[in-house]
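# Results of the structural survey
Next come the chains, spelled out residue by residue.
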Amino acid sequence: MTVFSNGLEFNYGFLPHFNLEILGEFKSQNCFQIIDLQKDYFGIDKRRWIIANNSTVPVQRSKQCSLGLSFAKHNWLLSLENFYKKVIGINSLGQEFQNQLEFVKINGEYEVLGSEMLVQKKINHFITWMSYSFNTNNYYFQENTPTVFPNNFELEHIVSWAGIYEKNNFKIALGSKWHSGKPITTPLTTETSNGTTLSPSIKYNSPNNSNLDSFFQANFSTTYKWKSSTGVNYKIGFSVVNVLNKSNIVNRYYTVDAITKNIDDVNSFALGRTPNLSFRVEF
């Protein structure tokens, strides 16, 4: 894969505790990955790389820019960043569609506009931070109706928080993340459009017309490290993913039941409560 890029970066500390950062970048890519048969064999897909020919497979080109402002004083850190990105020359086969566009080969583009905010505070051995991001991410496919609809990977609102206490060789951390549900495409009805035939099909609403329920997860981790008299370093750690054991659906698509010919939804879930124990020896 060959990627060509040109970028511009500008930093300016116009006051003792303020910093302004402006970034700009242009990129082009002449090969990219496409996905075949997403729903076949328990959802395992086939991925392969194709080379652009500038006609049926265009060269992907992107441009992006961001404007960031940060303030740091008395162990406080505040930052705000606004960003914009546009990518043209994308192919629908590489976007993980699981709806009426799954086997359709059309070219288009997507556009992202958003903001990210961060607040961080350090108190002795304790540090905590919270961030929030907002973005709108839309596809543009002129050969589809409608031509504009939400991107498959859009997470409109994201809120994250973490608190870390560290003293000497001991560290303990607790973090959480919430975000709005990813877009999905729902069927128009619970029955297939031609249920009496050998190969019934699903009639869908407009692409990405709905969203999954919001996602929330809290995680915990702690580590302790020490050094022996012989110079060997030891580190033991314990963590729990999804402490509250919340059931989070991260993806959903629809299939036709081979017997009843009705439409079934297939959900993919994030990990439930999962403990982990680690031990490391460094010579």
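Definitions and limits used
Residue positions within a chain follow its written sequence, with the count starting from 1. Totals for whole chains, interfaces and linings use all residues, but because this is a predicted model, local features are given only for residues with pLDDT of at least 70 and pairs of side-chain atoms are given and counted only at 80 or more. Excluding hydrogens and water, the side-chain values take into account all heavy atoms of the structure. Confidence scores per residue from the predictor, reported as pLDDT, run from 0 to 100. In this text, helices come from DSSP runs of H or I with a minimum length of four residues, and strands from runs of E with a minimum of two, each type numbered from the N-terminal end. Residues belong to a common nonpolar core when they are buried Ala, Val, Leu, Ile, Met, Phe, Trp, Tyr or Cys residues joined through side-chain atoms within 4.5 Å. A simple rule labels every residue: compare its accessible area, found with a 1.4 Å probe on the protein chains alone, to the largest value its type can have, and call it buried under 20%, exposed over 50%, or partly exposed in between. Note on contacts: a residue pair qualifies if any of its non-hydrogen atoms lie within 4.5 Å across the two residues. By this definition, two strands are paired if DSSP reports at least two bridges between them.

The next thing to look at is the confidence of the model for the protein. Caution applies to low-pLDDT regions: their predicted coordinates should not be interpreted in detail. On average, the protein scores 89 in pLDDT, and the residues at 70 or more come to 89%. Averaged over each element, pLDDT in the protein is lowest for strand S1 (residues 3-15) (62) and highest for strand S11 (residues 170-179) (98).

What follows covers the nonpolar core. Residues Val87, Ile90, Phe97, Leu101, Ile106, Tyr110, Val112, Tyr139, Phe141 and Phe149 constitute the largest nonpolar core, which totals 10 residues. At the level of elements, strand S6 (76-91) and strand S7 (107-123) are the ones that each hand at least two residues to this core. Ignoring any residue separated from it by four or fewer positions in sequence, one finds Ile90 in contact with Gln60, Gln95, Ile106, Asn107, Gly108, Glu109, Tyr110, Tyr139 and Phe141. The next biggest cluster of nonpolar side chains, apart from the first, holds seven residues, and it includes Phe32, Ile50, Val59 and Leu93.

For Asp265, the location among the structural elements is in strand S17 (residues 263-269). For the pair Asp265 and Thr186, spaced 79 residues apart in sequence, the C-alpha to C-alpha distance is 9.4 Å. The residues contacting Asp265, other than those within four sequence positions of it, are Arg252, Tyr253 and Tyr254.

By the bridge criterion, seven bridges tie strand S16 (residues 249-256) to S17 in an arrangement that is antiparallel. Each bridged residue has a counterpart across the sheet, and for Arg252 the counterpart in S17 is Asn267.

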